[in-house]
Amino acid sequence: VYGSGHPRYEATWRWMPPGDMQHFIELNLRQLQEDDAPFTNPLTVEIVTREGTQRVTIKPTSKNFSTRIPVVHQPTAVRIDPDDFVLKEITIRQQP
């Protein structure tokens, strides 16, 4: 247990088309709960592509957390905590 209550997440992600050599998604995770302290529990991120799925673990360090995750193929979906290990509320949307 990392704190009282539960996190309320608002996540957005976008595919960053190939640049020089690497493809990645940019993931932004905001915590909306009233408490000032962020939940810093590790979260599994599942990236779904036509070729399969990839899982990585992130560890948010603040209530407004951003990261870039390298991927090989363009994602069709991104899921956070797909196995529901964390008691949470979450909305996820893709940015254009």
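Please read these numbers as outputs of a predicted model, since none were measured by experiment.

What counts, and where the lines are drawn
Residues numbered from 1 in each chain as written. Predicted model: local features only at pLDDT ≥ 70, side-chain atom pairs only at ≥ 80, totals over all residues. Heavy atoms only, no water. Helix = DSSP H or I, 4+ residues; strand = E, 2+ residues; numbered from the N terminus. Rg over C-alpha atoms; globule rule 2.2 N^0.38 Å. Contact = heavy atoms within 4.5 Å.

1. Some points on the overall build of the chain
Move 1: In terms of regular secondary structure, the chain is built from 0 helices and 7 strands.
Move 2: Going from the N terminus to the C terminus, the chain shows its helices and strands as β-β-β-β-β-β-β.
Move 3: Relative to the 2.2 N^0.38 estimate, which gives 12 Å for 96 residues, the radius of gyration of the chain is 14 Å and therefore close to what a compact globule would have.
Move 4: If one aligns the C-alpha atoms of the chain with their principal axes, the spans along those axes are about 40 × 25 × 20 Å.

2. Examining the side chain of Thr12
Move 1: Tracing the chain through its elements places Thr12 in strand S1 (residues 8-16).
Move 2: Residues within four places of Thr12 in sequence aside, it is in contact with Glu26, Leu27, Asn28, Arg93 and Gln95.

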